[in-house]
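Chain residues, written in single-letter form:
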Amino acid sequence: MVPEPGLLTRTDPGEFVGLLTEGDRDDLFRMGRRRRWPAGATLFSEGDRSTTVVLVLTGRAKVFSLTAQGGEVLLAIRGPGALLGEMSALDGAPRSASVSALEPLDAYVVGVSAFLDFLGTHPDAAVRIVRMIVSRLRDADRKRVEFGTYDALGRVALRLAELADRFGADAEHGVRITLPLTQDELAAWTGSSRESVTKALRTLRRHGIIETSRRSVSVIDLDRLRDRAK
């Protein structure tokens, strides 16, 4: 069964589901089963063998890895339309990262063998997944450069600007970032300490660029935020 059309209107056009033709998308969904996860639930664990991929309909998830010391390194945020678990599905290696739901997640789960059969019989979709993976690799390369060239304030400004673009909603004053991200998670994403993130947010707030409340950030001046990220 394919998802009701209204759910797909919120799909990010840059994510895998948004790249597929309608026919290919429906064929892929018919191979899967619907599943929901509550906020905080684990979808995949790093090191596990791959048996499924997940196609996100609604909600956001974080992709992360744990250090030897038990710290968390946040690698990416994925939203509606995202394909999760494709790397290990394609190469057969254990999962290279963990994935957990940041908020309630509605998705389709497709077995790896069925997913590989789908790619084999739908060449256009196979090309599109290659393009998606290349785009993610370019994004990872860009972030590695940022870690080496920007200070903590610059990295925080960059990620807030990205979140405002991807997950922002118009508010009375500026753009409200709707993603429920903690300061610890923002620190893990920017390669900074929690203290550095707190200081960066305080600086941006003092200059009237953002407003903050519990697990919520509103960007008052997106242009100035982007300028600070340069």
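In this text, all values refer to a predicted model and were calculated from it rather than measured experimentally.

### Looking at the pattern of salt bridges
All chains considered together, the criterion is met by 21 salt bridges. Glu162 is the salt-bridge partner of Lys143, the closest N and O atoms lying 3.5 Å from each other. Taken together, the residues Lys143 in helix H6 (residues 123-149) and Glu162 in helix H7 (residues 152-167) connect sequence positions 19 residues apart. Judged on exposure class, the residue Lys143 and its partner Glu162 are both buried. One salt-bridge network, in which partners are shared between bridges, spans Asp139, Arg142, Lys143, Glu146, Arg159, Glu162 and Arg166.

### Brief notes about the UniProt feature "domain: Cyclic nucleotide-binding" (unreviewed entry) in the chain
Those residues carrying the UniProt feature "domain: Cyclic nucleotide-binding" (unreviewed entry) are residues 16-136 in this numbering. Split by type, residues 16-136 is 36% helix and 34% strand. Its first and last C-alpha atoms lie 11 Å apart.

### Quick notes on the UniProt feature "domain: HTH crp-type" (unreviewed entry) in the chain
Taken from the UniProt record, the annotation "domain: HTH crp-type" (unreviewed entry) applies to residues 150-223. Counting secondary structure, residues 150-223 comes out at 53% helix and 19% strand; the distance between its end C-alpha atoms is 18 Å.

### So, a positive patch on the surface
A contiguous patch of positive charge, built from Lys199, Arg202, Arg205 and Arg206, is present on the exposed surface. Mapping Lys199 onto the fold places it in helix H9 (residues 194-206). Of the residues examined, Lys199 reaches a relative accessible area of 56% and is grouped as exposed.

### Examining the packing of H7 against H9
The contact between H7 and H9 brings their axes to 9 Å, and the two run at 70 degrees. Put simply, H7 runs roughly perpendicular to H9. Of the residues in H9, those touching H7 at Ala152, Leu153, Val156 and Leu160 are Ser196, Val197, Ala200, Leu201, Thr203 and Leu204. Classifying every residue of the contact of H7 with H9 gives eight nonpolar, two polar and no charged.

What counts, and at which threshold
Residues numbered from 1 in each chain as written. Predicted model: local features only at pLDDT ≥ 70, side-chain atom pairs only at ≥ 80, totals over all residues. Heavy atoms only, no water. Salt bridge = Lys/Arg side-chain N within 4 Å of Asp/Glu carboxyl O. Helix = DSSP H or I, 4+ residues; strand = E, 2+ residues; numbered from the N terminus. Buried < 20%, exposed > 50% of the residue type's maximum accessible area, 1.4 Å probe, protein only. UniProt positions renumbered as here; feature names shortened; annotations may be inferred. Patch = residues over 30% accessible without salt bridge, like charges linked within 9 Å, V, L, I, M, F, W, Y side chains within 5 Å. Areas by Shrake-Rupley, 256 points an atom, 1.4 Å probe, with all protein chains shown as cover. Lys, Arg positive; Asp, Glu negative; His and termini not counted. Charge placed at Lys NZ, Arg CZ, Asp CG, Glu CD. Axes fitted to C-alpha atoms, helices over the stretch in contact; angles between N-to-C directions. Parallel < 35°, antiparallel > 145°, perpendicular 65-115°, else oblique. Contact = heavy atoms within 4.5 Å. Nonpolar A, V, L, I, M, F, W, Y, C, P; charged D, E, K, R; others polar.

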